[in-house]
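If you want the building blocks of each chain, they are given just below.
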Amino acid sequence: MYLRIFSIPNIFKSSSLSLYLPRCPSSWPTFPEETRYHLTLNLLDRLSELAREESLGDQLETCVSALGSLLMSLGSDRDESDPDDMSIEDEKQNTFSFKQCFEKLTTTLSNLPNKKLHQMFDVFLKKTGSTTAIHPGLFHLATLYKIVLLNEKNNVTLNQLTFSTGLIPIIWQKMENLPKEDSLESLAKIGDEKKQPDLATVLWMFCTFYSHLLKLIDDQEFFENGVFTIEQIMRMILILKKVGYRLCCNSINQKTSSSSLEKALQSLLATLYDRNSRRPFMPSEMWQEGEHDLDLKDLEENPLMMRLLTEFPFVISFQTRVKIFRKFVKKDQHANSRSRGRSLITIRRNYVFEDSFDGLSRLSTNELKSTIRVEFINQQGLQEAGVDGGGVFKEFLTTLAKVAFDSQYGLFKQTDQRLLYPNPASRVVHGEYHLNYFNFLGKVLGKALYESIHVDVPFANFFLAKLLQKGNTVDVNNLVYLDPILHKNLMKLKHYRGNVEEDFGLTFSITENEFGEGTQRELIRGGKDLAVTNDNRIKYIYSAAYYFLHQQISEQSEAFLTGFYEIIDRQWLHMFNQDELQLLIAGDPGSIDINDLRANTVYGPGYDDNHLTIVLFWDVLSKLSAQDQRVFLKFVTSSSRPPLLGFANLYPKFCILQSVDLDHLPTSSTCMNLLKIAPYSDRKTLEDKLLYAIHSGAGFELS
């Protein structure tokens, strides 16, 4: 009977379509594969016809449910019973191929008008509520779109669903109001999506839509006119992080890889966490989940910890993740200890970059990870006094960073907020060796991180994303850092209600001014001949953002990354986002905790915490301006920023020694984090001499 109906097209137009289809989806595998492929193609034709009708009746539910279960059964034949695995890339050769069904499914769904698409979802959403579970029709419709979206390359369908249907808040509202036994709280408790496949599929769809939407919503829209209030978003985060954590635990227990739902949850939560880092709306402790269950010992032997650090790092406090990073580095240092030697490089003060490039470029990776001693030659050609116990190397790195990352040097440019990113025209400034310089600077930054040396280099958010290997994920909001006017104009284009093609006259190309001449660059192949319309403007916005944030600095970034990851294992940084990586690089920009410094200070003979001079010293230091406190810290440690985890982690500990001559200024030995100060008994004298010393700029030769 089922073979005969393929020759009777009117059957698929009949109101009795359901009479010709098996009521139990589990019976599909009993039908020949060729029959099911043929039936799928015919049902897709019928779905297109139904979508054109004025009202959507019961046939829609029958058609969608049949298509969903049919495609799942075909996937089961291919050992792919989950849409996660139904990829067209490993297609088996069949007479009626799965690839053919997929292509027709994509065409059918992408050609649905936005209004009809919303109506189609609405039919099933109305049947899902506080007294009913996810309606089977909604589950099967979500399954169809999941198959398409997991295989789609150009995001056409995703853009349509995300930006044109208004489905996101409706889907979330329905999931929030499900009965207790079918709720998100139940999924968070059980942690097994196979026991709630309908909810898991709809949740995947929601996370995919919303995370995609967030990449095109600026802060003003997010905080003031977004699809959710901040209170709703906070409730959302609290439940979704529990779901993600429990799914992660369950997959580890079952020794399975991450599912598409885990990945979608990770993407959405990471996007929200990044925005919270940029402009806080939720306390950091509210992001944490299950940290009390974690053991920092033998990290590599703890699969839950390693999976969390990769997929859901934000559920672990930043301070804990910094400790874990330090553990990874120390283990690597220990592993290389047998081959660690000591290298000596000589740096002329007038040629810091040139001598550094020559001296460090000849060192192997192991030598770069080992101890490097530095001797400075001053402007008079004389070797500066002192033995490098680590402090001189710290000053060397901070001095080199100040020179090399200065926008005047031509390798990096500054945004309006004075944030740094590679200069797209670096070849013009430095010639054919410019990429060698970027590779070298990548090693320099890697060495600084490896040795826990802070360098005051504020990178642009989109370049930090490249360091974290997030460079192919376009967040249009990062254009705010590069070009606020361009970002504003793109947002205007996004919200424009008129005819985009006629009123803007744009194509998928941009014109750049190079040496006084305009050069046209295509954003996509054939872009100069493709007009920007109301339908494709989202793709244009993403294409423009990708070009400016990634493509125009791709070769410089790649060279920098190659050098950087020669020192730092890229896996170590997966647990951080861009703002957190900036803290690792430059330290905490907040105020210096003088009480913490005092609590972690040791004293030489003749001094203790109650000595009059010491009491006066701490009183003076605590009342200095924030800027002078940073100058003081740089004077004694060579870094103006405190250790990220507090002064208990400063090595060696800050030490105050007593000098003899009351006429002498305080002096420092940064290699030992040491301050030498005479036993002044007058507060003003102590303050005047301390301020003069720290602002003298004499460096290590004062010691």
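None of the values given here were measured: they were computed from a predicted structure. (Residues numbered from 1 in each chain as written. Predicted model: local features only at pLDDT ≥ 70, side-chain atom pairs only at ≥ 80, totals over all residues. Heavy atoms only, no water.)

A. Examining the overall build of the protein more closely. When you go through the protein residue by residue, the secondary structure sums to 30 helices and ten strands. Sorting the 703 residues of the protein into buried and exposed places 54% on the buried side. In the protein, 71% of the contacts between residues at least 6 apart in sequence involve partners at least 24 apart. Put simply, the protein shows about 32,300 Å² of open surface, and 48% of that area lies on carbon and sulfur atoms. (Helix = DSSP H or I, 4+ residues; strand = E, 2+ residues; numbered from the N terminus. Buried < 20%, exposed > 50% of the residue type's maximum accessible area, 1.4 Å probe, protein only. Contact = heavy atoms within 4.5 Å. Areas by Shrake-Rupley, 256 points an atom, 1.4 Å probe, with all protein chains shown as cover.)

B. Geometry of the nonpolar core. Residues L203, F206 and Y210 are the most contacted members of the largest nonpolar core, which totals 181 residues. Looking at this core element by element, the count peaks at 13 residues for helix α11 (residues 230-253). Aside from chain neighbours lying at most four places away, what touches Y210 is I168, F222, V227, F228, I233, M236 and L268. By size, the runner-up hydrophobic cluster in this structure holds 28 residues, among which are W618, I677, Y680 and A693. (Core = buried A, V, L, I, M, F, W, Y, C linked by side-chain atoms within 4.5 Å.)

C. Spotlight on the sheet that holds strand β9 (residues 667-669). Spatially, four strands are ordered β7-β8-β10-β9 in an open sheet, and the strand pairing comes out mixed. Single-partner strands in this sheet number two, and they are β7 (601-603) and β9. Along the sheet, successive strands turn relative to each other by an average axial angle of 25°, direction set aside. As defined by bridge partners, β7 adjoins strand β8 (residues 654-658) across three bridges and the pair is classed as parallel. When the sheet's bridge partners are listed, T601 is paired in β8 with F654. (Pairing = 2+ DSSP bridges. Axes fitted to C-alpha atoms, helices over the stretch in contact; angles between N-to-C directions.)

D. Structural context of the pairing of strand β10 (residues 674-677). Here β8 runs beside β10; their pairing, made up of four bridges, is parallel. What sits directly across from L657, in β10, is K676. Looking at chain direction, β9 and β10 are connected through three bridges and run antiparallel. Across the sheet, S668 pairs through a bridge with L675, a residue of β10.

E. Spatial organisation of the side chain of S509. Take S509: it is sitting in strand β5 (residues 509-514). Here the side chain of S509 touches T507 through a polar contact of 2.7 Å, side chain to side chain. A polar contact is formed between the side chain of S509 and the side chain of Q520, at a distance of 3.3 Å. Not counting chain neighbours up to four residues away, the residues in contact with S509 comprise Q520, R521, E522, L523, G527 and K528. (Polar contact = N/O pair within 3.5 Å; in protein donor to acceptor, adjacent residues only side chain to side chain.)

F. Fine view of the packing of helix α4 (residues 114-125) against helix α5 (residues 136-151). Packing of α4 against α5 brings their axes to within 8 Å, and their N-to-C directions diverge by 140°. In terms of orientation, α4 and α5 fall into the oblique class. Contacts from L117, M120, F121, F124 and L125 in α4 reach G137, L138, L141 and Y145 in α5. Class assignment for the residues of the contact of α4 with α5 results in eight nonpolar, one polar and no charged. (Parallel < 35°, antiparallel > 145°, perpendicular 65-115°, else oblique. Nonpolar A, V, L, I, M, F, W, Y, C, P; charged D, E, K, R; others polar.)

G. Representation of helix α25 (residues 554-567) in the model. Counted at 1.5 Å a residue, the expected span for α25 with its 14 residues is 20 Å, and the 21 Å between its end C-alpha atoms agrees. Taken together, the buried positions of α25 are Q556, S557, A559, F560, L561, G563, F564, Y565 and I567. As for α25, its buried residues are in contact with α16 (365-369), β3 (412-414), β4 (420-422), α18 (426-430), α19 (434-450) and α20 (461-467). (Expected span 1.5 Å × (residues − 1).)

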